[in-house]
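Structural description and commentary
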Amino acid sequence: LNEPSSGGTPKTVFVGGKGGVGKTSISSALAVTLASSFENDAKVLVVSTDPAHSLGDALDVDLKSVQSGKPLQMTDPLTMGKLYACEVDPE
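Notes on the structure in this doc start here. Given the structure is predicted, the values throughout are model-derived calculations rather than measurements. (Residues numbered from 1 in each chain as written. Predicted model: local features only at pLDDT ≥ 70, side-chain atom pairs only at ≥ 80, totals over all residues. Heavy atoms only, no water.)

1. Looking at the overall build of the chain
- Helix and strand content of the chain: 2 helices and 3 strands.
- Taking contacts inside the chain between residues at least 6 apart in sequence as the whole, the part at least 24 apart equals 53%.
- Just so you have it, the chain exposes about 6300 Å², and 54% of that area is on carbon and sulfur atoms. (Helix = DSSP H or I, 4+ residues; strand = E, 2+ residues; numbered from the N terminus. Contact = heavy atoms within 4.5 Å. Areas by Shrake-Rupley, 256 points an atom, 1.4 Å probe, with all protein chains shown as cover.)

In structure tokens form, the structure reads like this:
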């Protein structure tokens, strides 16, 4: 995920594709990996606009109870509070 010109971490990564190809799995795994990196102190925000709202399931948190569109800070020891997640309704 390094930008060839600068060698830094990209500021934005979009994960897309047809239904059932693993967008939620890849994006949640990527977010956890980036947030748990000891090499940088960057905060990571993962947002899902999928009507199925399965990002919370992938991260094992209840994002449905959070105010619509407001990111929830993960407090697990792996991501050390650097990961935020939310599910938004694209409508």
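2. Notes on the pairing of strand β1 (residues 44–48)
- Only one face of β1 is covered, namely the one carrying Val44, Val46 and Ser48; the face carrying Leu45 and Val47 has none of its residues buried.
- Pairing of β1 with strand β3 (residues 83–87) involves 5 bridges; the strand directions are parallel. By the bridge assignment for β3, Val44 is matched with Leu83. (Buried < 20%, exposed > 50% of the residue type's maximum accessible area, 1.4 Å probe, protein only. Pairing = 2+ DSSP bridges.)

3. Some points on the sheet that holds β1
- If you walk across this open sheet you meet the 3 strands as β1-β3-β2, and the pairing is mixed. Single-partner strands in this sheet number two, and they are β1 and β2 (72–73).
- Here β2 pairs with β3 via 2 bridges, running antiparallel. Along β3, the bridge assignment pairs Gln73 with Tyr84.
- Lying over the sheet, helix α1 (residues 23–35) contacts β1 and β3, oriented at roughly 170° with respect to β1. (Axes fitted to C-alpha atoms, helices over the stretch in contact; angles between N-to-C directions.)

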